[in-house]
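What follows is each chain in one-letter form.
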Amino acid sequence: FETTFFLALMSMGACAASVASVLPCQGSASVGEIEIVPPESRAGRVPGVAVSLEALAVTGKTGSPSPVLEAVLAGRKMDLDRAQAIAQDIGKPEYSLAQYYQDLLMTFPELHLFSLEGLSVEATDDSPEGLTTGGRAAGDEFQRTMGAFFAIYWLFRLPLDGKHGFCRGVDESWKPVESREGDSDKVAAFFEDDEIWKHFQDLMLDAGLMVKQGGAMRVDKESTLALLVLTALHDIMKINALLPTVQKADAPYRGYLEAEVIADHDLAVFYIMEQHTHILPSLCQLPPAMQQVVQTVLSGLAFNNGWFVQAEAPPGAVFLGIKAAIMRNGSERRVSRRDLSLYFVHWLTDLAGAEPTPLCGCNKLTSQLPMPVLKSFMKSVRYIQQLADRSETEVMESYLKDRWKDHRPSMGTLEAGPHALAKARLLCMAQGNAKVVLDAFEKLSPEDQEVLSVEMARTGAERQSFSKGFVPDSVRQELVGPAFLVYYGPAFLQRMGTDSPLRRLEILAEIYRCARKLWPARTAEAGDCVTVRIDAITIQGQWSSADPEVLLLRMCSSKQACLERRPEDAKKNREDNAVILFDSEPPTFLPQAPELCSQEELIRRISHEMLTNGQWYRKVAFAFLRPAKPGEVITTMVNGKEETRNIAQESDFVVQANTKWKENYILSKTRASEAYDLTNPMEIPSGRPDASQLSAEGFCCYRSRTRIKALKATDELLRRHCPFKRFMAKWGTPCVVQVDDMLAAQVAGDTVTEIYRIEKTVFRETFVPDLASEK
């Protein structure tokens, strides 16, 4: 595999030529090149990147979560010295925006991945290698990423030229514009608003990016470098061709099963950062402490502030990761106030660059977002800090009520009743269109009002509900799920085009209705959330409800559905796992119950009870261990029943239990060292009938030092936490649990890290209460 990149530099005035002279990876044009920036769209855009299609003949690479990503970045390195120089020079008067832009492209290899925008991996007759065009407008994500980088640059330079660049952008020579003809009143008011600039500066200080030193401010080089790296990485998975597939060793991953493509771009980059760090040169070249900061802020927090401030997602989806990070104990790194503030700086700059015209300034903030909304966003960090003492749903409810009360112009009193929550979320989602959207809500049919009020009230958080009088009583009386996150729902209500607000709300209600057909409400899934992507009718080109296309909602995985635009005749060919919006015909399938509880879900459901009511036990029996052969399949059999099956990896151990079943299973070297005293092997008891066979197979005898917490799997416990009596083991294979078996947990500090099943007879033979631990 060989990939060749070149930069398609557009005519951007005098500065464009000077930029072109020092950019890396330049090459001559060849057949199949894609010009990312069309001539009519160049205003305000930086020189883009392009790629030769002939160089992208991807041959399949097995064993990689993202073959294209790994192949493109193979052998590339971040220029660490230049990266540190950027962090050191960014606030200096003589460090120009043009030099900063050049340095970014020469420093971070991942930025060249945006050459692949508009491509996806999908074999067709015209593209047998598997790379096809499609998706977002080519080049926009690169422009948005550079917009985020430019916002960072301006925020470090507020005492110099930062306010001018942030509000009005630059001229043809890439110099900040002090005034621009036709400036809107909003831009002028933003420039003069001292309160918002103080919010920005305080956030930079809280994040450790700026440090007060005497009467002056200096840039902290390490924190700034971390911010630059996470900005370079954050949006690379918006390129469809790079989306990873969950590998067997990593499954299940945050609800995604083995071989499923992670289509959520945030989770996709989290997955690569957590499980395959070596693929990303800019991350793996950082010192370990700084690497941990970047991973914590992006994947560790697993927090999308846009979902929160726009009420786009239910509280379980919004806060699950960050709640766990804030409350984390044990050996894992606990999130600090500084980490939270760094995340919010990253979120702010990402939002500031949302318009793909970075040379025109941060238009999304200065001229599009209402100032009261932006100030509410800036205050949102105080709600996050409340998670240490309050539930996810309580924090969300407090935020929604405050947003309604603080909205300008005033919306009056939020009257208690079944529609209160839905109205509060719609106000946040619609932003500047709040009044017309809420007026339209009153004109909806009772059926559509009920759908929105019920579905938007689902929390996606285990055993949590909004307060009485804020949601329908039926939602509080029966906690079911999954809840739905309608991804790009806010954009759907903010960019209505020629559609009426009423029609948009009718479509939104129908999207929820169809999603519920795909995922019927179940008590066991009250703590789950499914993402419903509707970017096909929001950001992928112009769309109107008057268009003749059919809208089809497809179940893409166990955790995600996608809305698709289809020709009118799509109704003639019914598809499984899909529902057509506003279709009078019933779907042609019956959804299968997701009977398998993931390891993450089981930990979330049972952790509190395990830590509170579980007892400590220690393993008293010895066991027999031998080095595993990579690739060998080990099947665990107890009482004639297959418990689980696993494939050995390099340096794993095969364990044979000293029980009457003599069950075999696999442990990693780390787990084996934790569970057994590998430094002091013992002789295999000579009186055993199978002693010679064990020796011949390479087994040695080791004393156990395993300690676990365990709960008896009563019928009542299983009904509440694992009703189908099947869950995914940590090593990625299904496990069946029966009444009276024991559910065992590995515990680090106050955190349950793994849950597995031990057959009741095996448990009695090998474990005794650990009275010392109970004391």
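If you're wondering where the values come from, they're calculated on a predicted model, not measured in any experiment.

Peer 1: Explain the overall build of the protein to me, please; I cannot follow it from the model alone.
Peer 2: A count of helices and strands for the protein gives 31 helices and 24 strands. Restricting to contacts in the protein with at least 6 residues of sequence separation, those with at least 24 account for 69%. Total accessible area on the protein stands at roughly 32,500 Å², and carbon and sulfur atoms take up 49% of it.

Peer 1: Explain the sheet that holds strand β7 (residues 483-487) here, please?
Peer 2: In any sheet, the strands associate via hydrogen bonds between backbone groups, in a parallel or an antiparallel arrangement. Pairing is mixed across the open sheet formed by 5 strands, whose spatial order is β7-β8-β10-β9-β11. Pairing within the sheet leaves two strands with one partner each, and these edge strands are β7 and β11 (578-580). On average, each strand axis in the sheet is tilted by 25° relative to the strand beside it, whichever way the strands run. Alignment of strand β8 (residues 529-533) against strand β10 (residues 560-566), held across 3 bridges, turns out to be parallel. Its bridge partner lying in β10, T531 is registered against Q560. Docked against the sheet, helix α25 (residues 501-518) engages β7, β8, β9 (550-557), β10 and β11, running at close to 40° with respect to β9.

Peer 1: Looking at this model, I keep getting lost on the packing of helix α19 (residues 392-406) against helix α20 (residues 420-430). Mind explaining?
Peer 2: Angle between the axes and distance between the axes are the two parameters that describe a pair of packed helices. As a packed pair, α19 and α20 sit with axes 9 Å apart at the nearest point and diverge in direction by 65°. Our classification of the angle between α19 and α20 gives roughly perpendicular. Where α19 crosses over α20, the handedness of that crossing is left-handed. Across the interface between the two elements, Y399, L400, R403 and W404 from α19 touch L421, K423, A424, R425, L427 and C428 from α20.

Peer 1: Looking at this structure, I do not really get the layout of surface pockets. What am I missing?
Peer 2: Empty space among the atoms becomes visible once a probe the size of a water molecule is rolled across them. Of the volumes computed, that of the second largest pocket is approximately 1,200 Å³. Around the second largest pocket, the lining is made up of 50 residues, and of these A354, Y488, A491, R495 and I539 lie nearest the centre. If you tally residues by element for the lining of the second largest pocket, the top one is helix α15 (residues 337-352), at 5 residues. Per-class residue counts for the lining of the second largest pocket are 22 nonpolar, 15 polar and 13 charged.

Peer 1: Could you clarify how one ought to interpret the pairing of β7 in this entry?
Peer 2: Each regular strand carries side chains that alternate between the two faces of the sheet. Summarising burial for β7: 5 of the 5 residues are buried, a large majority. Here β7 shows two buried faces, one formed by A483, L485 and Y487 and the other by F484 and V486. Note: β7 against β8, 5 bridges, orientation parallel. Bridge pairing links V486 to V532 in β8.

Peer 1: Before we go on, may I ask you to explain the packing of aromatic side chains in this structure?
Peer 2: Aromatic ring pairs are reported here in terms of the distance separating the ring centres and the angle at which the planes meet. Following the criterion strictly, the structure yields 27 aromatic pairs and no others. The interplanar angle of 15° and the centroid separation of 4.8 Å between the aromatic rings of Y487 and Y488 together place this pair among those described as stacked. Neither residue differs from the other here; Y487 and Y488 are each classed as buried. An aromatic cluster is present here, built from Y95, Y100, Y101, F150, Y153, W154 and W174 joined pairwise through their rings. Its guanidinium or amino end placed over the ring of F191, R168 lies 4.8 Å from that ring's centre, counting from NZ or CZ.

Peer 1: Quick question: what am I supposed to make of the side chain of R157 here?
Peer 2: Tracing the sequence through the fold places R157 in the loop between α5 (140-155) and α6 (158-168). One polar contact links the side chain of R157 to the main-chain carbonyl oxygen of P93, over a distance of 3.4 Å. Within the structure, the side chain of R157 is placed 3.0 Å from the side chain of D161, a separation counted as a polar contact. With residues near it in sequence (within four places) discarded, R157 still touches I90, G91, K92, P93, Y95 and G162.

Peer 1: What is the right way to read unusual backbone geometry from this model?
Peer 2: Here the amide bond leading from A251 into P252 is cis, since omega sits at -10°, within 30 degrees of zero. Mapped onto the fold, P252 is located in the loop between α9 (221-234) and α10 (265-275). A cis amide bond, omega 5°, links G481 with the succeeding residue P482. In this model, F582 sits at a positive phi of 55°, which is unusual for a non-glycine residue. As for its position among the elements, F582 is in the loop between β11 and α26 (599-613). The class for F582 is partly exposed, based on a relative accessible area of 39%.

Peer 1: Honestly, the pattern of salt bridges in this entry has me stumped. Any pointers?
Peer 2: Pairing between side chains becomes possible if they bear opposite charge and their charged atoms approach one another. Taken as a whole, this structure holds 41 salt bridges when the rule is applied. E442 serves as the salt-bridge partner of K423, at 2.9 Å between the closest nitrogen and oxygen. Here K423 is found in helix α20, whereas its partner E442 is found in helix α21 (residues 434-443), with 19 residues between them in sequence. R513 is the salt-bridge partner of E510, the closest N and O atoms lying 2.7 Å from each other. Remark: R513 and E510 occur in helix α25; sequence separation between them is 3 residues, near one turn of the helix. Overall, the relative accessible area of 24% leaves R513 in the partly exposed class.

Peer 1: In this structure, what is going on with the sheet that holds strand β12 (residues 615-619)? I would like to understand it.
Peer 2: Across the sheet, 5 strands lie side by side as β23-β22-β19-β12-β24; this open sheet has antiparallel pairing. The open sheet terminates on both sides in strands that have one partner only, identified here as β23 (751-758) and β24 (767-769). Adjacent strand axes in the sheet meet at a mean angle of 40° when their direction is disregarded. Relative to strand β19 (residues 707-712), β12 runs antiparallel, the two sharing 4 bridges. Note that in β19 the partner of Q615 across the bridge is A710. Across the sheet, α26 touches β12, β19, β22 (742-748) and β23, and the angle it forms with β23 is around 100°.

Peer 1: Is there a simple way to explain the environment of D202 in this structure?
Peer 2: Secondary-structure assignment places D202 in helix α8 (residues 194-206). Counting along the chain gives 139 residues from D202 to S341, while the straight-line C-alpha distance between them is 9.6 Å.

Peer 1: Would you explain the nonpolar core in this entry?
Peer 2: A general tendency of soluble globular proteins is for nonpolar side chains to be buried together. In terms of nonpolar packing, the biggest core is built from 174 residues, with Y100, F150, F166 and F200 touching the most fellow members. If we ignore the near neighbours within four places in the chain, the residues touching Y100 are I86, I90, Y95, F149, F150, I152, Y153 and L228. Residues M610, A713, C722 and F727 belong to the second largest nonpolar core, which totals 17 residues.

Peer 1: Would you explain the confidence of the model for the protein in this entry?
Peer 2: Atom-level detail of predicted coordinates should not be read off regions where pLDDT is low. Here the protein averages 82 in pLDDT, and 83% of its residues register 70 or above. A low-confidence stretch, residues 120-138 stays under pLDDT 50, and its non-local contacts, those more than four residues away or across chains, total 39 contacts. A low-confidence stretch, residues 589-594 stays under pLDDT 50, and its non-local contacts, those more than four residues away or across chains, total 15 contacts.

Peer 1: Would you explain the environment of L257 in this entry?
Peer 2: Mapped onto the elements of the fold, L257 is located in the loop between α9 and α10. For L257, a relative accessible area of 29% translates into the label partly exposed. Separated by 10 residues in the primary sequence, L257 and Q247 have C-alpha atoms spaced 8.6 Å apart. With sequence-adjacent residues up to four places away left out, L257 is seen in contact with V246, A251, P252 and M728.

Conventions we followed
Residues numbered from 1 in each chain as written. Predicted model: local features only at pLDDT ≥ 70, side-chain atom pairs only at ≥ 80, totals over all residues. Heavy atoms only, no water. Helix = DSSP H or I, 4+ residues; strand = E, 2+ residues; numbered from the N terminus. Contact = heavy atoms within 4.5 Å. Areas by Shrake-Rupley, 256 points an atom, 1.4 Å probe, with all protein chains shown as cover. Pairing = 2+ DSSP bridges. Axes fitted to C-alpha atoms, helices over the stretch in contact; angles between N-to-C directions. Parallel < 35°, antiparallel > 145°, perpendicular 65-115°, else oblique. Left-handed = near helix turned anticlockwise from the far one by under 90°. 1 Å grid on protein atoms, 1.4 Å probe; cavity = no way out; pocket = protein on both sides within 12 Å on 5 of 7 lines; lining within 4 Å. Points joined across faces, edges and corners; volume = space filled by probe spheres on them. Nonpolar A, V, L, I, M, F, W, Y, C, P; charged D, E, K, R; others polar. Buried < 20%, exposed > 50% of the residue type's maximum accessible area, 1.4 Å probe, protein only. Phe/Tyr/Trp six-rings, centres within 6.5 Å; stacked < 30°, edge-to-face > 60°. Lys NZ or Arg CZ within 6 Å of the ring centre and 35° of its normal. Polar contact = N/O pair within 3.5 Å; in protein donor to acceptor, adjacent residues only side chain to side chain. Salt bridge = Lys/Arg side-chain N within 4 Å of Asp/Glu carboxyl O. Core = buried A, V, L, I, M, F, W, Y, C linked by side-chain atoms within 4.5 Å. pLDDT = per-residue confidence, 0-100.

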